[in-house]
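A structural walkthrough
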Amino acid sequence: MKTDLTDTTASKINKALVKGRRAIGTPAVGMVLTLVIVTDEENAYDALKAANDASREHPSRTLVVIKRVSRSPRDRTQSRLDAEVRVGADAGTGETVVLRLYGEVADHAQSVVLPLLLPDAPVVVWWPVDAPLDPAGDPLGALAQRRVTDTYSSEQPVRELTARAGTYKPGDTDLSWTRITPWRSMLAAALDQVSVEVKAVEVEGEEFNPSCELLAMWLADRLDVPVRRSLSSGPGLTAVRMETSNGPITLDRADGSLATLSIDGQPDRAVALKRRDTAELIAEELRRLDPDDTYASALRFGVHRLNVSNGQADTVETSPDVKAASDVEGASDVASDVEGAPEGPSAKGEPADGEAPAQAPAPEAAKPPALKPVPSGLSGKAAK
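In this report, the structure presented in the accompanying data block is examined. Note that this is a predicted model, so its numbers are computed, not measured.

Scanning the protein chain from N- to C-terminus turns up ten helices and 14 strands. When the 384 residues of the protein chain are sorted by exposure, 53% land in the buried category. Considering only contacts within the protein chain whose residues lie at least 6 apart along the sequence, 73% involve residues at least 24 apart. Of the roughly 17500 Å² that the protein chain leaves accessible, carbon and sulfur atoms contribute 50%.

Right under this line is the structure:
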């Protein structure tokens, strides 16, 4: 059931929701959370489709906030709120309200959304594209317990990761991190099968892919060993190779669906490791609404290394196909005296690294070269 409301108010939208529930014979509210999607008209359909699919696992009230830009200066001074209310089969297993904001009301979206939130239920805000650099500081993000962004949709993924680390608040998460959950699970399970000491790691994946960077940061943070990033044609992550005291451990996925786990001394095993769609990623994020401390640790580790000046640690030898890529260095909370060696020209997606710490000045600190988004090495000081 769909109801279109033109030049309406939040009160009229609530009345339309109650009327719609009664019309389909379900006056009770059986939803567990409110999902607020902040997007544009171009991406609204795909985001709403993913949310409706995820609602089968998490029945929710979905509020789609679309800020429309009026064509003429005169129209921009006139505020208007249009809404499309969907209940029943048209809204998955919950309720959907598509809000289109015109004029000055677009700058006060939180005042429109607040009366429509489910009482005593968690709130999740998702930005499929054009997420703010500080999600928790955004007026809509301040209403939520969980804030979901997607660095993969940005034009400069590594710089976006840098900004996310600087503004991280408990409750922030990223779909680029969610995409590597199966990889993290498989690598942890592989290390549980054998008693070895990991000496070095290589993460191979396509260029400008923040999931590759996050996986490298996570491995460097957890294992505290040198981690090198190498390039491939994709899709996405293609391989992780670990050098251990008992031989190599390799997780290789060349086709984007089926991976091969190779452990020295054991037969190779085929592992289902397909690339998941957005609906599966959102459903996973809605399963837990508490802060993701592992994501926070990995994110801060990488950004800290990006901001370390030159001259403190040995650089990692790069492969020929990534000689022009810059070294991304970070330090964990328990590691010290580590260093990155940025080199190479600027390119699309590069972070501008100009923040050198005062305790380790270097001649290049005044104007360091920009880092490329695909680092050739991400090293941690070995603790084993």
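Now for the pattern of salt bridges. Inspection of every chain in the model, using the stated rule, returns 20 salt bridges. In this structure, arginine 100 engages glutamate 41 in a salt bridge whose closest nitrogen and oxygen atoms are separated by 3.0 Å. Taken as a pair, arginine 100 in strand β5 (residues 95–102) and glutamate 41 in helix α2 (residues 41–54) lie far apart in primary sequence, 59 residues in all. The class of arginine 100 is partly exposed, set by a relative accessible area of 21%. By relative accessible area, glutamate 41 is classed as partly exposed at 34%. The residue arginine 179 makes a salt bridge to aspartate 150 at a minimum N-O spacing of 3.0 Å. Here arginine 179, found in the loop between α6 (175–178) and α7 (181–193), pairs with aspartate 150, found in the loop between β7 (146–149) and α5 (157–166); they are 29 residues apart in sequence, far enough to count as distant.

Bringing the pairing of strand β9 (residues 198–205) into the picture now. Of all eight residues in β9, seven are buried; the element is thus mostly enclosed. Pairing between β9 and strand β10 (residues 227–231): five bridges, direction parallel. Looking at the pairing, glycine 205 lines up with leucine 231 of β10.

This part takes up the sheet that holds strand β1 (residues 2–5). Ordered by their spatial adjacency, eight strands build an open sheet running β1-β4-β5-β3-β2-β6-β7-β8, and the pairing between neighbours is mixed. The open sheet has two free edges, formed respectively by β1 and β8 (172–174), since each of these has just one partner strand. Strand-to-strand, the axes of this sheet are offset by a mean angle of 15 degrees, without reference to chain direction. With seven bridges joining them, strand β2 (residues 33–39) and strand β3 (residues 60–67) adopt parallel strand pairing.

Basis of the calculations
Residues numbered from 1 in each chain as written. Predicted model: local features only at pLDDT ≥ 70, side-chain atom pairs only at ≥ 80, totals over all residues. Heavy atoms only, no water. Helix = DSSP H or I, 4+ residues; strand = E, 2+ residues; numbered from the N terminus. Buried < 20%, exposed > 50% of the residue type's maximum accessible area, 1.4 Å probe, protein only. Contact = heavy atoms within 4.5 Å. Areas by Shrake-Rupley, 256 points an atom, 1.4 Å probe, with all protein chains shown as cover. Salt bridge = Lys/Arg side-chain N within 4 Å of Asp/Glu carboxyl O. Pairing = 2+ DSSP bridges. Axes fitted to C-alpha atoms, helices over the stretch in contact; angles between N-to-C directions.

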